[in-house]
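Residue strings, one per chain:
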Amino acid sequence: MFDYEKFKKDIVIAMENVLRKWTKENDDIYIISLDLSRSMESVGVWANTGQCLNEQADITSEDYWYYKYCEEEWQLCEVFDGISSYMRTFVEENKEQFTNSETLTYTEAFDAYCDKMIESCKLALKCFRESINEEFPKLLLTFNIREYLDNDERIEAFSLINSKEATKEYMKHIDDFN
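Presented here is an overview of the structure given in this document. None of these values were measured; they are calculated from a predicted model. (Residues numbered from 1 in each chain as written. Predicted model: local features only at pLDDT ≥ 70, side-chain atom pairs only at ≥ 80, totals over all residues. Heavy atoms only, no water.)

Considering the overall build of the protein
Point 1. Looking only at helices and strands, the protein features eight helices and four strands.
Point 2. Scanning the protein from its N terminus toward the C terminus, one meets helices and strands in the order α-β-β-α-α-β-α-α-α-β-α-α.
Point 3. Along the three orthogonal principal directions, the C-alpha set of the protein runs to about 50 × 30 × 25 Å.
Point 4. A total of 178 residues make up the protein; the buried ones form 48% of that total.
Point 5. Within the protein, residue pairs in contact and separated by at least 24 positions form 64% of the contacts whose partners lie at least 6 positions apart.
Point 6. About 10000 Å² of surface is accessible on the protein, with carbon and sulfur atoms providing 45% of the total.
Point 7. Here the protein holds 20 positive side-chain charges and 38 negative ones, and the gap between their average locations is 6 Å. (Helix = DSSP H or I, 4+ residues; strand = E, 2+ residues; numbered from the N terminus. Buried < 20%, exposed > 50% of the residue type's maximum accessible area, 1.4 Å probe, protein only. Contact = heavy atoms within 4.5 Å. Areas by Shrake-Rupley, 256 points an atom, 1.4 Å probe, with all protein chains shown as cover. Lys, Arg positive; Asp, Glu negative; His and termini not counted. Charge placed at Lys NZ, Arg CZ, Asp CG, Glu CD.)

And the structure:
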């Protein structure tokens, strides 16, 4: 049985640690995204700085919103190796239950596991927001599973952990970056 509570707590601690490390080197981080692999075998974070964003696109540029919110264009990235290791082990131990051997597609059991992992990540982001909000109240937080989450799912996760103003902007420009 996967320990979702441990997973959530480990993510919060890892995010706090990486934020502390990155803010020693960068005083203008404006966004951090928790990034979960679709295979549920790795997790980490992406972040961007205002300086990097300004180097990529001017606010009047049509590409500005793409660079502001597209994780793959951001400057900072870190995989949480320890957490990812026990994620991979769990998936490997449940390979037969999670993958249809004939079609090589994910099973309903995997989809249920994936849903629980997503929910754990959202809870971790809420806890992370609470732990950093006093020191970093304007830091934007996002959740990403590359080429998996649709716009509504991305907006729903964003709105749970960011201000209404930030959510309006994110919603307005989501087609520019997703």
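Next comes the rest of the write-up.
Notes on unusual backbone geometry
Point 1. In the Ramachandran plot, Met40 falls in the positive-phi region, its phi being about 60° despite a non-glycine side chain.
Point 2. Within the secondary structure, Met40 sits in the loop between β1 (29-36) and β2 (43-49).
Point 3. Residue classification places Met40 among the buried residues on the basis of a relative accessible area of 0%.
Point 4. A positive phi is found at Glu147, a non-glycine position, where the angle reads about 55°.
Point 5. For Glu147, the position within the fold is in the loop between β4 (140-144) and α7 (151-161).
Point 6. Residue classification places Glu147 among the exposed positions, given a relative accessible area of 77%.

Looking at the sheet that holds strand β3 (residues 76-79)
Point 1. Across the sheet, four strands lie side by side as β3-β2-β1-β4; this open sheet has mixed pairing. On the outer flanks of this sheet lie β3 and β4, each paired with one strand and no other. Across the sheet, the mean angle from the axis of one strand to that of its neighbour is 20°, orientation sign disregarded.
Point 2. Here β2 pairs with β3 via four bridges, running antiparallel. (Pairing = 2+ DSSP bridges. Axes fitted to C-alpha atoms, helices over the stretch in contact; angles between N-to-C directions.)

Observations concerning the packing of α7 against helix α8 (residues 164-177)
Point 1. Two numbers describe how α7 lies on α8: the axes approach to 10 Å, and their chain directions differ by 155°. With respect to their mutual orientation, α7 and α8 come out roughly antiparallel. Crossing geometry of α7 relative to α8 is assigned as right-handed. Facing Asn151, Arg154, Ile155, Phe158 and Ser159 of α7, the residues of α8 in contact are Ala166, Thr167, Tyr170, Met171, Ile174, Asp175 and Phe177.
Point 2. Its residues assigned to classes, the contact of α7 with α8 shows seven nonpolar, three polar and two charged. (Parallel < 35°, antiparallel > 145°, perpendicular 65-115°, else oblique. Left-handed = near helix turned anticlockwise from the far one by under 90°. Nonpolar A, V, L, I, M, F, W, Y, C, P; charged D, E, K, R; others polar.)

Considerations on the packing of aromatic side chains
Point 1. With the rule as written, the count across this model stands at 20 aromatic pairs.
Point 2. Taken together, the aromatic side chains of Phe2, Tyr4, Phe7, Tyr86, Phe90, Phe98, Tyr106, Phe110 and Tyr113 make up a single cluster linked through ring pairs. (Phe/Tyr/Trp six-rings, centres within 6.5 Å; stacked < 30°, edge-to-face > 60°.)

Quick notes on the environment of Asp176
Point 1. Along the chain, the position of Asp176 falls in helix α8.
Point 2. Along the primary structure Asp176 and Arg154 are separated by 22 residues, whereas in three dimensions their C-alpha atoms are 13 Å apart.
Point 3. Once residues within four sequence positions are removed from consideration, Asp176 is found in contact with Trp65 and Tyr66.

By themselves, these observations are geometric and do not establish any function.
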